[in-house]
Amino acid sequence: MVNGSAIHITHSDVILEGFGNILNGSAIGSGINLNNPDHAIANITIRNITIKNFETGLFIKNASAIHLDTISLTSNMRTGLCIDSSENIFMTGFSAWNTSNDSTGGNGILISGSKNITIIQSQISGNGKSGKTNAAGVMITGSPDISIIKSTISSNAGYGIKIEAGSDNFFTTDCDISANSGDGITIEASSFPEIQNCILNKNKEAGIELLKTKKPKIIGNQITSNIMGMSVSDTEGMQLSGNSLKNNKIGFDISASDIRFYDHQISYTNTIDSRILLYLNGAQDRIIGPGTNPAMVILVNASDIQVSDLVLSKNCAGVILVHSTNITLSDVTFIENGVGLRSEFETKNLTCTRLHAERNLASGYYLTNTEHFLLSHLYGQENPSGIYLRNATDGVCSNIVMTDISGLKTRLPSGITLSGCKNITITKSEFSKCTYAGLLSDTQHLNLSENVFSSNTFAGSVIVSGPVQIVQNSFIKNDGTGLVLKADQSTIRKNTFIDNQKLGLLLVQGNNNLFAENTFKNYNNYLIQDKNTINTWNVTSSGNTNQSYFSGNYWGDPTGEGFSDLCTPDPDGFCQEPYILQNDNIDYHPLSAQKTMKASSINTDLNQNCREDLQDVVMYMNKVSSGDTASLYDYSGDGRINLQDVVSLFHIIIKK
């Protein structure tokens, strides 16, 4: 060993002919070291040699004009080939196998601070340590003008090729980059990369991932059977053409922190499972439907677009809307995407009707920074979040059904989540069987009317900001609490709280709220956590002679033994005694059994076919007859589910 290397080359103009011999080490030092610490060296050829069982097989530093031919690097501990601060290196017939290190992960080839390196007809396989983020077949950092041509990069325990910041003008063509445990190719913070005519197959993460990349060209690649076909994030000026994405769990993913990262050239020649990746930038007056049959629709700066009668699946989103106006979506189904519908960057005047979202990985519908929207007759199930509205304003959600919403508890899976929104109305909708809440909101000026929140795990609704209007809703059979409320100056009227297992109402904090004409029939109807809160519990108005205007609330329980169930009524149907919740929270006119408010009858489209007809009555009757009443509604308002509700449902429908 010379300076820790089996062979140490310190001079220029050297040819090392290996004649097929094996240079075998003992897991320390370098097999061959090209480096003179005092000056650069150049014009060196190494060929026909196998280097194995060193810490680094071949180390090149401060060198140029290097030719490597038919070199095999096998079972070296840290790196097969390490190139540092060097340039103009050409290698062909090169192989790097089984580099592995418990601490660093190991790389087949590591290129750092170098430039003008070409790799042709080489094989880099089986390198790296599983679970190490810096393990790769080829690792390139701060090194421009690197080319990999007609090579195989496969079965590496980390990335196939990882390109880090400052590695501009990377080029690869006609390569097979497959079965790597990370991404096939990942490029971050670099400019002008080109990936052409490559096969990216069965990588355990993305086939291609671009992060903060400038002007990449991705042309003519076969991207198949990866966890994700292609992922693009905060990337500028991408040219995408002739790529075929097939059989990936998620075909195409794109996200951006700024609208400029959606300005790309994406042609109709890109396909996802043999259907067009439809990317329209600045389009106007278009109809997109079965005739087009896209796999995914991305609208950027578009206007007056209609999308209808499609089934969209297995992409980051079925439809993405970016800074677009006057968009209509109807009769579209989203299945097994990351998100069904995603709307962002000040999209306005959006109308969505008769949409279906099922088994999407994050959310059925995600609207952020969206204004003036109508969501009508939307259905969602088995999504971790049904509808997520973030910084959205002036929207109406009507006739929505979200059910079977489950996911990680830390993400608070809810039927509909509102974060930072304003002026949102939710009406005539159902949110059920959510593992957190039917509704979760921190939104101001939220209006809830004629909705059902039933059979949710933590609560029917959790509302932590106001003012809000909560009128004629039903909170029934939730495993925890019907309504969790933290708000001021809000109105909670004519709602029903029935058969919630923990509480009907949890008032965490709030003042100057009005609670009136509500029906409570739970074993524990309320809890007020803030002992200093002051609210009104019956409607009052000085000078009003209409006694019905003074209505309070019905305080019963499921057994018929509650305060209002047993109180002595006065001539107007109010209990003669006030109901004292706590100091400064007194219902002066509680309702008696003679003056029970009827439950709000909400969802009458039970079979979700967007019609309300006798088929819904038959379906309801069959469920009642079979004893399957867990998800049914008390249409008659008597606190029970029975055949009387069948009759009430019939009358509700024929009057519509």
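Residues numbered from 1 in each chain as written. Predicted model: local features only at pLDDT ≥ 70, side-chain atom pairs only at ≥ 80, totals over all residues. Heavy atoms only, no water.

Student: For this particular structure, what's the right way to read the pairing of strand β35 (residues 317-322)?
Tutor: Looking along a regular strand, one sees the side chains alternate between the two faces of the sheet. Within β35, six of the six residues are buried, which leaves it mostly tucked inside the rest of the structure. When β35 meets strand β37 (residues 339-344), the two strands line up parallel, connected through five bridges. Along β37, the bridge assignment pairs Leu-321 with Ser-343. (Buried < 20%, exposed > 50% of the residue type's maximum accessible area, 1.4 Å probe, protein only. Helix = DSSP H or I, 4+ residues; strand = E, 2+ residues; numbered from the N terminus. Pairing = 2+ DSSP bridges.)

Student: Is there a simple way to explain the nonpolar core in this structure?
Tutor: As a rule of thumb, nonpolar side chains are buried together in soluble globular proteins. Within the largest apolar cluster, 71 residues are counted, with the highest numbers of intra-cluster contacts made by Ile-46, Leu-58, Leu-68 and Phe-252. Excluding its chain neighbours within four sequence positions, the residues that come into contact with Phe-252 are Met-230, Val-232, Met-238, Leu-240, Leu-245, Ile-272, Leu-277, Met-296, Ile-298, Asn-315 and Cys-316. Among the nonpolar cores identified, the runner-up in size contains 61 residues, and Ile-327, Leu-367, Ile-424 and Leu-448 belong to it. (Core = buried A, V, L, I, M, F, W, Y, C linked by side-chain atoms within 4.5 Å. Contact = heavy atoms within 4.5 Å.)

Student: Teacher, can you tell me more about the sheet that holds strand β19 (residues 185-188) here?
Tutor: Within a beta sheet, neighbouring strands are joined by backbone hydrogen bonds and run either parallel or antiparallel to one another. In spatial order, the strands read β1-β3-β5-β7-β10-β13-β16-β19-β22-β25-β28; together these eleven strands make up an open sheet with parallel pairing. With partners counted over all chains shown, the strands left at the sheet margins are β1 (5-9) and β28 (250-255), one partner each. Taken over all neighbouring pairs, the strand axes of this sheet differ in orientation by 5° on average, direction set aside. Pairing between β1 and strand β3 (residues 30-34): four bridges, direction parallel. Across the sheet, residue Ser-5 finds its bridge partner in β3, namely Ser-30. (Axes fitted to C-alpha atoms, helices over the stretch in contact; angles between N-to-C directions.)

Student: Can you help me understand the packing of aromatic side chains in this one?
Tutor: Each aromatic ring pair is specified by the distance between its two centres and by the angle formed by the two planes. Inspection of the entire model under this criterion finds 15 aromatic pairs. Taken together, a centroid distance of 5.4 Å and an interplanar angle of 15° make the contact between Phe-431 and Phe-453 stacked. Note that Phe-431 is positioned in strand β46 (residues 430-434) and Phe-453 in strand β49 (residues 452-454), a separation of 22 residues in sequence. A relative accessible area of 0% places Phe-453 in the buried class. Ring-pair connections join several aromatic residues into one group, and the members of that group are Phe-431, Phe-453, Phe-475, Phe-497, Phe-515, Phe-520, Tyr-526, Trp-537, Trp-555, Phe-563 and Tyr-579. (Phe/Tyr/Trp six-rings, centres within 6.5 Å; stacked < 30°, edge-to-face > 60°.)

Student: Would you explain the state of the cysteines in this entry?
Tutor: Cysteine pairs can be covalently joined through their sulfur atoms, and such a bond is termed a disulfide. Per the stated rule, a full pass over the model turns up one disulfide. At a sulfur-sulfur separation of 2.0 Å, the disulfide partner of Cys-567 is Cys-575. The disulfide joining Cys-567 to Cys-575 has a torsion of about -70° about its S-S bond and is therefore left-handed. On the accessibility criterion, Cys-567 (16% relative accessible area) is buried. Residue Cys-575 is classed as buried on the basis of its relative accessible area, which comes to 3%. No disulfide involves Cys-198; its sulfur sits 4.7 Å from the nearest other cysteine sulfur, which is in Cys-175. Its relative accessible area of 1% is what places Cys-198 among the buried residues. (Disulfide = S-S within 2.5 Å.)

Student: Would you take a moment to explain the pattern of salt bridges for this structure?
Tutor: Pairing is possible between side chains that carry opposite charge, provided their charged atoms lie close to one another. Summed over the entire model, instances satisfying the criterion amount to eleven salt bridges. Across the pair Asp-84 and Lys-61 runs a salt bridge, and its minimum N-O distance is 3.9 Å. Of the two residues, Asp-84 is situated in strand β7 (residues 79-84) and Lys-61 in strand β5 (residues 56-61); the sequence distance between them amounts to 23 residues. A residue is classified by how much of its surface remains accessible, and Lys-61, at 32% relative accessible area, is partly exposed. Its salt-bridge partner being Glu-336, residue Arg-359 comes within 3.2 Å of it at the nearest N-O pair. Residue Arg-359 is located in the loop between β38 (347-358) and β39 (363-368), and its partner Glu-336 is located in the loop between β36 (325-335) and β37; the two are separated by 23 residues in the primary sequence. Linked by salt bridges that have partners in common, Glu-336, Glu-358 and Arg-359 make up one network. (Salt bridge = Lys/Arg side-chain N within 4 Å of Asp/Glu carboxyl O.)

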